[in-house]
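Structure assessment
Listed below, chain by chain, are the residues.
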Amino acid sequence: MPIEYSKGRTPGSGVNLSKVTLTKNAPTVSLSKQGGSAGGELRVNLNWTARPARSGGGVFGRGSESASDIDLDLACLYELTDGTKGVVQALGNSLRSRNIGSAIIALDGDDRTGESVDGENLRIDLSRLAEIRRILVFAYIYEGSPNWSGANGVVTLYPQGGAPIEVRLDESDPTARTCAIAMLENTGADLSVRREVRYINGTQSALDAAYGWGMKWTKGRK
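Residues numbered from 1 in each chain as written. Predicted model: local features only at pLDDT ≥ 70, side-chain atom pairs only at ≥ 80, totals over all residues. Heavy atoms only, no water.

Focus on the overall build of the chain
The cut-off we apply is this: Think of it this way: any DSSP run of H or I at least four residues long counts as a helix, any run of E at least two long counts as a strand, and we number them from the N terminus. Think of it in three bands: residues with accessible area under 20% of the maximum for their type are buried, residues over 50% are exposed, and the middle band is partly exposed, with areas taken using a 1.4 Å probe on protein chains only. Working rule for contacts: check all heavy atoms of both residues, and any pair within 4.5 Å makes them a contact. Using a 1.4 Å probe, accessible areas were evaluated by the Shrake-Rupley method; residue-level cover was limited to the displayed protein chains.
Along the chain, the regular secondary structure elements total two helices and 13 strands. Counting across all 222 residues of the chain, residues that qualify as buried make up 48%. Intrachain contacts of the chain at a sequence separation of at least 6 include 66% that bridge at least 24 residues. Summed over all atoms, the accessible surface of the chain reaches about 10600 Å², with 47% contributed by carbon and sulfur.

Printed below as a string of structure tokens:
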């Protein structure tokens, strides 16, 4: 099954570090097959741009001529091999996975405007791969209109020593506030990445139900 690449190769290296774009027709990739290290850190980055509203409402209009922004947040559900389940997100200050020892997954910040050059980043410790069963990377609109096409969202995974893996939010559902972006699963000796881009009409509890995570949810604020 073909995978879309952008041009580029590290000089003097036999490893192709070209960007990999996951699509509907080519939704899955293995980290090791893209030159990624079995250990090290996997950084999952979300970048997006909140476009200003046009006069009279526009894309994110609230009935005024001033710019109206959205707050798009990166997060993940996780399940560890010991049965531990949880969420890493800015909401509720759940910025670290709850596991024995140092955090396996951590969120390094909250971009409230879409103007940060670095975006938002989840950092996954792949030296602890044996403890990971699956991770569902998702984004949700905490504030503003659910206009995904206007947000121009893109999630890029940066494995240590491997090619970046890109998932573009190139579909949209104006009724949905949550989008499942990618599923990361431990295959035994590697981590597979599968494009989802599945829009959920609801919040985290609805996402949980759609993927059978089986957690209990309460309302929270940032």
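Structural notes on the confidence of the model for the chain
Should the pLDDT be low somewhere, the predicted coordinates at that spot are not to be read in detail. What counts here: For every residue, the predictor reports its confidence as pLDDT, a number between 0 and 100.
Of the residues in the chain, 76% have a pLDDT of 70 or more, and the chain-wide mean is 80. Within the model, the stretch residues 1–16 combines pLDDT values under 50 with 33 contacts to residues more than four positions away or in other chains. With pLDDT under 50 throughout, residues 52–68 is counted as low confidence; its partners more than four residues away or in other chains account for 30 contacts.

Describing the nonpolar core
Convention followed: Among the buried residues, those of types Ala, Val, Leu, Ile, Met, Phe, Trp, Tyr and Cys that are joined through side-chain atoms within 4.5 Å form a nonpolar core.
By size, the foremost hydrophobic cluster in this structure holds 45 residues, and its most contacted members are Leu42, Ile105, Ile124, Ile135, Trp148, Leu184 and Val193. Not counting residues within four places of it along the chain, the set of residues in contact with leucine 184 comprises Leu42, Ile124, Arg133, Arg134, Ile135, Val137, Leu157, Leu191, Ser192 and Val193. By size, the runner-up hydrophobic cluster in this structure holds 13 residues, among which are Ala75, Val87, Met183 and Ile200.

Comments concerning the pattern of salt bridges
Any two side chains of opposite charge can pair, given that their charged atoms come close. Under the convention used in this document: By convention in these notes, a salt bridge is any Lys or Arg side-chain nitrogen within 4 Å of a carboxyl oxygen on Asp or Glu.
Tallying each qualifying case throughout the model produces twelve salt bridges. Between glutamate 41 and arginine 123 there is a salt bridge whose closest N-O contact spans 2.9 Å. Remark: arginine 123 occurs in strand E8 (residues 120–125) and glutamate 41 occurs in strand E4 (residues 41–47); sequence separation between them is 82 residues. Here arginine 123 falls in the partly exposed class, since its relative accessible area comes to 31%. Three or more residues joined by partner-sharing salt bridges are found here, namely Lys24, Asp170, Glu171 and Arg195.

With respect to the side chain of serine 192
Assignment of secondary structure puts serine 192 in strand E13 (residues 191–200). Overall, serine 192 belongs to the buried group, its relative accessible area being 16%. Residues within four places of serine 192 in sequence aside, it is in contact with Val29, Ser30, Met183, Leu184, Glu185 and Thr187.

A short note on unusual backbone geometry
Positive phi values are uncommon outside glycine, yet asparagine 93 reaches one of about 55°. As for its placement among the helices and strands, asparagine 93 is situated in the loop between strand E6 (85–88) and strand E7 (105–107). Of the residues examined, asparagine 93 reaches a relative accessible area of 60% and is grouped as exposed. The phi dihedral of valine 197 falls on the positive side, at around 45°, and the residue is not glycine. Mapped onto the elements, valine 197 comes out in strand E13.

What about helix H2 (residues 204–211)?
Keep this limit in mind: The arc refers to the directions leading from the helix axis to the C-beta atoms.
The complete set of buried residues in H2 reads Gln204, Leu207, Asp208 and Tyr211. For H2, the angular spread of the buried residues around the axis is 100°, confining them to a single face. Packed against the buried residues of H2 are strand E5 (71–80), strand E9 (132–143), strand E12 (178–186) and E13. Note on H2: the residue one or two positions beyond its end, glycine 212, has a positive phi of about 60°.

Focus: the side chain of threonine 156
Here threonine 156 shows up in strand E10 (residues 154–159). Leave out the neighbours within four places in its chain, and threonine 156 touches Arg43, Val44, Asn45, Pro164, Ile165 and Glu166.

Quick look at the sheet that holds E5
What counts is decided by this rule: In this scheme, strands are said to pair when DSSP sees at least two bridges between them. Lines fitted to C-alpha atoms define the axes, with helix axes restricted to the stretch in contact, and inter-axis angles between N-to-C directions lie between 0 and 180 degrees.
On the basis of which strands lie adjacent, the open sheet formed by six strands has the order E3-E13-E12-E9-E5-E6 and antiparallel pairing. The outermost strands of the open sheet, each flanked by one partner alone, are strand E3 (28–30) and E6. With direction set aside, neighbouring strand axes in the sheet form an average angle of 20°.

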